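Residue-level structure breakdown
Listed below are the residues making up each chain.
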Amino acid sequence: MRQRAFTVGSLIPGSISVPIIQQQPQPVVRSIPEKIIIQQGSQKFEISTAKGKLLDAALNQRKPIQYKCRKGTCGQCTVKVLQGPTLSPPNEQEHKKLANALNNGYRLACQAEILQ
Ligand code: FES
């Protein structure tokens, strides 16, 4: 036979109040790095993220990135992305021009788009 333990408070109707705590769903906040750090040759550039091509963002912020064709054919704008937000997947021109260098973080600044 099971015995129940009663306290003085449990015998008085309505004396026990259990707070109901409803948890609100927390919004998912993604932190997008605000800076992109790229290297071209021996120079490093810090670029604030902006929608569009990586080269355009750099030039708009007066970063002296080397470039020529803007079509993905000359390779002058090749940069190594050291840190930063997600860029668009490499396109056909980048695959042709950079091949295995893509795996080492190299991108064509005129082709890579900053995703936000
Ligand atoms: S400027 Fe020629 S490949 Fe980017």
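Our subject is the structure listed above.
What this report covers is the structure whose coordinates are included nearby. (Residues numbered from 1 in each chain as written. Predicted model: local features only at pLDDT ≥ 70, side-chain atom pairs only at ≥ 80, totals over all residues. Heavy atoms only, no water.)

In terms of helices and strands, the protein chain carries 3 helices and 6 strands. Secondary structure elements of the protein chain, listed N to C terminal, follow the sequence α-β-β-β-α-β-α-β-β. Expressed as a percentage of contacts within the protein chain between residues at least 6 apart in sequence, the contacts between residues at least 24 apart total 56%. As presented, the protein chain carries roughly 9000 Å² of accessible surface, and 50% of it is formed by carbon and sulfur atoms. (Helix = DSSP H or I, 4+ residues; strand = E, 2+ residues; numbered from the N terminus. Contact = heavy atoms within 4.5 Å. Areas by Shrake-Rupley, 256 points an atom, 1.4 Å probe, with all protein chains shown as cover.)

Here we take up the sheet that holds strand β5 (residues 106-108). Ordered by their spatial adjacency, 4 strands build an open sheet running β2-β1-β4-β5, and the pairing between neighbours is antiparallel. Looking at the sheet topology across the chains shown, the edges are occupied by β2 (43-48) and β5. Pairwise comparison of adjacent strand axes, ignoring direction, gives a mean angle of 40 degrees for this sheet. Bridge count between strand β1 (residues 35-40) and strand β4 (residues 78-83): 3 bridges; the pairing is antiparallel. Directly across from Ile37, in β4, lies its bridge partner Gln83. (Pairing = 2+ DSSP bridges. Axes fitted to C-alpha atoms, helices over the stretch in contact; angles between N-to-C directions.)

Ile36, Ile38, Ile47, Leu54, Ile65, Ala109 and Ile114 are the most contacted members of the largest nonpolar core, which has 19 residues in total. Top element by residues in this core is helix α2 (residues 54-60). It accounts for 4 residues. (Core = buried A, V, L, I, M, F, W, Y, C linked by side-chain atoms within 4.5 Å. Buried < 20%, exposed > 50% of the residue type's maximum accessible area, 1.4 Å probe, protein only.)

In total, this model carries 5 salt bridges according to the counting rule given. For Arg107, the salt bridge goes to Glu94, with nearest N and O atoms at 2.8 Å. Taken together, the residues Arg107 in strand β5 and Glu94 in helix α3 (residues 92-98) connect sequence positions 13 residues apart. Of the two residues examined, Arg107 and Glu94, each falls in the buried class. (Salt bridge = Lys/Arg side-chain N within 4 Å of Asp/Glu carboxyl O.)

As a further point, take the environment of Ile65. Checked against the element boundaries, Ile65 lands in the loop between α2 and β4. Spatially, the C-alpha atoms of Ile65 and Ile38 are 9.9 Å apart, while their sequence positions differ by 27 residues. Discounting chain neighbours no more than four positions away, the residues touching Ile65 are Ile38, Gln40, Phe45, Leu55, Ala58 and Leu59.

Every other side chain in a regular strand lies on the same face of the sheet, so the side chains alternate between the two faces. Inspection of the sheet shows β4 paired to β5 by 3 bridges, in the antiparallel sense. Note on β5: the bridge partner recorded for Lys80 is Tyr106.

A separate point is the side chain of Gln40. Secondary-structure assignment places Gln40 in strand β1. Separated by 2.7 Å, the side chain of Gln40 and the backbone nitrogen of Gln66 make a polar contact. Beyond its immediate stretch of four places on either side in the chain, Gln40 contacts Phe45, Pro64, Ile65, Gln66, Gln76, Cys77, Thr78 and Val79. (Polar contact = N/O pair within 3.5 Å; in protein donor to acceptor, adjacent residues only side chain to side chain.)

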